[in-house]
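Each chain, letter by letter, is given below.
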Amino acid sequence: MSVDDKNFKLSVDIDEITLRNPTMLASGILGISQSIFERLYDENIGGIVTKSISVEPMKGYPNPTIIPLSGGSYLNAVGLSNPGVIAFSEELSQNKNIPIFISLVGSSEKDFAKMIKVFDSLNIIGYEINLSCPHVSKMGMEVGDDPEAVSKIVSTVRKNTKKPISVKVGVGSVDVIELARTAIDAGANIITAINTLRAMSIDVETMMPILSNRIGGLSGTAIKPIGIRCVYEISKNLKVPVIGCGGISTWQDVVEYMLAGASAVQIGSVLGSAGPGIFNSITKDLKKYIERKGIMKISEIVGIAHKY
Amino acid sequence: MPTNIDNRRIVKISETIAETPTVKTLVFKDTLSYFAEPGQFLMVWIPRIEEIPMSVMINSKEGFAAVTIRKFGIGSTSLFERKKGDLIGIRGPYGNRFKLRKKYEKILIVGGGTGLVPLLRLATMAINKKIKSTIVMGARTKTEVLFEKLTKNIISGTASSLFVCTDDGSYGIKGTNVSEMTKIVRNENFDCVYTCGPELMMKAVVDIAKQNSIPVQASLERYMKCGIGICGSCCLDSSLICQDGTIFDGWQLSKMLEFGSTYRDKDGQKIKFA
């Protein structure tokens, strides 16, 4: 993708990918419709990560699956609902110029190989492997907490595609740096950090857990400092491109993640209060920030905090 | 008065009203819902069973609101079975509202089944503003006619009128609300048509309104998980029913290829309306 002069200041490179700005849609948010992706692109989003797709369609858990908590945080256990590889490849078949990563989830190497076979001919820029969904058994984090399984899956994906691979890591029982290192050693190009954190909410009147799955993943404002720490540690120790994710709701949050070492960021939960227009307003504010700071290109700030 | 609509309130059902053998209204006290705009919806939590979007039903008592449920799936059947004194959770009201312009003098309201819920809130507001409302309600058969008495109360002593239609002619006018609407707009002018009900019915209402050059607003429905613009389950083309709707005008609807054509099921696959 070429970046014109107008977008030069905000454009970022992640591995071999160039995005017109560092803001991306986080996986799991609004991620099933090409028409919605087009709308977000019109709102000046830099890139898209789809909902995690599995081989077969998944209905997910009954509601409540997503609940707003106080202070800009959210709890979810959607259960990886998605239309499956066949219907989704049809959905994306009309994509022309939107930079889309397809998020993949599965429980064995075979699952991933099957999906890439279908998706690889589409107009997409890469894959994000979800190794950190905290609330579905035999998928996501249960895989992410098993270094051998991570290594097998990532190397299988590597063998089946030439496109860039990002691995999305979370805070599970395996140290996040070790998990990222395992993924990179197996052939991943990029690390996305972090996913939601295992969490729960109980209603005091009915005395019952609110989520149908009882336990889910915490996202939004509350997890931002943890995300910043993970991005900082991964990029400092491994010197690999990192996409930061977790609790971003303002342009300052984007800058903070980039200072910690993120080449780009993913934004999700805040859409619950701000709507798709948030990408337009954040990118405008990012431009103002770098102009005020006398910075030529936003990518110059990536990892600056490592110096101190 | 609480102001954060995202805060879940646990409310006690203060009254249940059997509307038909399969439709029930549950009344509860909640200030935010009492002040809901016509067309707004609540995410209703049935503890340990489901959470479903429901349009806010009017109630005559100050500070009270209601939801009206048709027994259908697991969630709605379980809600239908709730009794007086049971606890349910609510958050919202969410979404936009039916718009009544100041210059409007005469409006036409066409509703089917529980689609009448937001329309009754609208009719109440319109009549308070001295806007003459013609209400056309449709049901398959006599036992499924909803809210007739309530609607008569709302319009009593005003210039507004009510037409009740049944598909099989077992009560009121024989025929659909759509065929009745066709007759009405032939003889009378309206400033706007408002509709809510099964999507194919709404599609027909919108088409007739357009053919007669009358502005139209429709309240749409899709499967929802979050109700707040995060999950994307309720997308219809590039719009989110929860955040951009539930109400769309004729111009917006004319650009929606999926309106009256396809919806998405729980896993996000597109399904054609039968």
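Residues numbered from 1 in each chain as written. Chains lettered and ligands numbered in written order. Predicted model: local features only at pLDDT ≥ 70, side-chain atom pairs only at ≥ 80, totals over all residues.

Enquirer: Quick one: what's the story with the overall build of chain A, residue by residue and with numbers?
Expert: Scanning chain A from N- to C-terminus turns up 11 helices and 14 strands. A principal-axis box enclosing the C-alpha atoms of chain A has dimensions of 50 × 50 × 40 Å. Split into buried and exposed, the 308 residues of chain A put 56% on the buried side. (Helix = DSSP H or I, 4+ residues; strand = E, 2+ residues; numbered from the N terminus. Buried ≥ 20, exposed ≤ 12 C-beta atoms within 10 Å, placed from the backbone.)

Enquirer: Got a sec to walk through the overall build of chain B? Specific residues and values, please.
Expert: Secondary structure assignment for chain B yields 8 helices and 17 strands. The globule rule puts the C-alpha radius of gyration for 274 residues at 19 Å, and the 18 Å found for chain B is close to it. Viewed in the frame of its principal axes, chain B has a C-alpha envelope of about 50 × 40 × 40 Å. Considering only contacts within chain B whose residues lie at least 6 apart along the sequence, 66% involve residues at least 24 apart. (Rg over C-alpha atoms; globule rule 2.2 N^0.38 Å. Contact = placed C-beta atoms within 7 Å.)

Enquirer: Just give me the short version of the sheet that holds strand S8 (residues 132–139) of chain B, but keep the residues and values in it.
Expert: Residues and elements named next belong to chain B. Pairing within the open sheet is mixed, and its 7 strands lie in the order S10-S9-S8-S7-S11-S12-S15. The open sheet has two edge strands with one neighbour each: strand S10 (173–174) and strand S15 (247–249). Of the strand pairs in this sheet, strand S12 (residues 216–219) and S15 are connected by 3 bridges, and their pairing is antiparallel. From the neighbouring strand, Ala 218 faces S15, where its bridge partner is Phe 248. Contacts from helix H3 (residues 116–128) reach strand S7 (106–112), S8, strand S11 (192–196) and S12 within the one sheet, and its direction differs from that of S7 by about 160°. (Pairing = 2+ DSSP bridges. Axes fitted to C-alpha atoms, helices over the stretch in contact; angles between N-to-C directions.)

Enquirer: Describe helix H8 (residues 224–238) of chain A, and please don't skip the residues or the numbers.
Expert: All names here are of chain A. With 15 residues, H8 should cover 21 Å at 1.5 Å per step; its first-to-last C-alpha distance of 21 Å lies within 8% of that length. Burial in H8 covers these residues: Lys 224, Gly 227, Ile 228, Cys 230, Val 231, Tyr 232, Ile 234 and Ser 235. Against the buried residues of H8 lie helix H7 (176–185), strand S10 (190–193), strand S13 (242–245), helix H9 (251–260) and strand S14 (262–267). (Expected span 1.5 Å × (residues − 1).)

Enquirer: Explain the interface of chain A and chain B residue by residue, including any values.
Expert: Taken together, the contact pairs 33 residues of chain A with 25 residues of chain B. Put simply, the parts of the chain that give the side of chain A that touches chain B at least two residues each are helix H2 (34–42), strand S5 (66–68), helix H3 (84–92) and helix H10 (271–274) of chain A. If one sorts the elements of the side of chain A that touches chain B by residue count, H2(A) sits on top with 4 residues.

Enquirer: Account for the packing of helix H5 (residues 177–187) of chain B against helix H6 (residues 199–211) of chain B, with residues named and values stated.
Expert: Residue and element names in this part refer to chain B. Where H5 contacts H6, the two axes come as close as 10 Å, and the packing angle between them is 10°. Here H5 is positioned roughly parallel relative to H6, judged by the angle of their axes. Along this stretch, H5 crosses H6, giving a crossing that reads as right-handed. Counted together, Val 178, Met 181, Thr 182 and Val 185 of H5 and Met 201, Ala 204, Val 205 and Ile 208 of H6 form the full contact between these two elements. The class makeup of the residues in the contact of H5 with H6 is 7 nonpolar, 1 polar and no charged. (Parallel < 35°, antiparallel > 145°, perpendicular 65-115°, else oblique. Left-handed = near helix turned anticlockwise from the far one by under 90°. Nonpolar A, V, L, I, M, F, W, Y, C, P; charged D, E, K, R; others polar.)

Enquirer: Describe the nonpolar core, and please don't skip the residues or the numbers.
Expert: Grouped together as the largest cluster of nonpolar side chains are 178 residues, with contacts concentrated most on Ile191(A), Val44(B) and Val205(B). Each of domain 1 (9–94) and domain 2 (106–272) of chain B contributes no fewer than three residues to this core. Not counting the four nearest positions on each side in its chain, Val205(B) is found in contact with Val110(B), Val178(B), Met181(B), Val193(B) and Thr195(B). (Core = buried A, V, L, I, M, F, W, Y, C linked by C-beta atoms within 7 Å. Domains from an automatic or database assignment.)

Enquirer: So what's going on with the confidence of the model for chain B? Residues and values would help.
Expert: For chain B, the mean per-residue pLDDT works out to 96, and 99% of the residues sit at or above 70. Across the assembled chains, the prediction reports ipTM 0.93 with pTM 0.95. (pLDDT = per-residue confidence, 0-100.)

Enquirer: Any chance you could break down H7(A) for me, citing the residues and the numbers?
Expert: Residue and element names in this part refer to chain A. All of the buried residues in H7 are Val 176, Leu 179, Ala 180, Thr 182 and Ala 183. Projected onto a plane normal to the axis of H7, the buried residues spread over an arc of 160° and lie on a single side. One or two residues past the end of H7 sits Gly 187, with phi positive at roughly 120°. (Arc of directions from axis to C-beta.)

Enquirer: Explain the pairing of strand S4 (residues 50–55) of chain B to me, and be specific about the residues and the numbers.
Expert: Residue and element names in this part refer to chain B. For S4, a buried count of 5 out of 6 residues is recorded, marking the element as mostly surrounded by other parts of the structure. Direction of pairing for strand S3 (residues 41–46) relative to S4: antiparallel, over a ladder of 6 bridges. Residue pairing in the sheet places Phe 41 in a bridge with Ser 55 of S4. Two successive antiparallel strands, S3 and S4, enclose a turn made up of 3 residues, where Arg 48 displays a positive phi of approximately 65°.

Enquirer: For the packing of helix H6 (residues 147–160) of chain A against H7(A), give the residues involved together with the corresponding values.
Expert: Geometry of a packed helix pair, given as the angle between the helix axes and the separation of the axes. Residue and element names in this part refer to chain A. Where H6 contacts H7, the axes come no closer than 8 Å and their chain directions differ by 30°. Judged by the angle between their axes, H6 and H7 are roughly parallel. Relative to H7, H6 is oriented so that their crossing is right-handed. Seen from H6, the contacting residues are Pro 147, Val 150, Ser 151 and Val 154; seen from H7, they are Leu 179, Thr 182 and Ala 183. Looking at side-chain class alone, the contact of H6 with H7 contains 5 nonpolar, 2 polar and no charged residues.

Enquirer: Just give me the short version of the environment of Ile74(B), but keep the residues and values in it.
Expert: Residues and elements named next belong to chain B. Locating Ile 74 in the fold gives a position in helix H2 (residues 74–80). The sequence separation of Ile 74 and Ile 49 amounts to 25 residues, and the corresponding C-alpha distance is 7.8 Å. Discounting chain neighbours no more than four positions away, the residues touching Ile 74 are Ile 49 and Glu 50.

Enquirer: Requested: an account of the environment of Glu148(B), with residues and values cited.
Expert: All names here are of chain B. You can see Glu 148 is positioned in helix H4 (residues 148–155). Taking the C-beta count within 10 Å as the criterion, Glu 148 has 16 such neighbours and is therefore assigned partly exposed. It is 8.5 Å that separates the C-alpha atoms of Glu 148 and Leu 162, two residues lying 14 residues apart in sequence.

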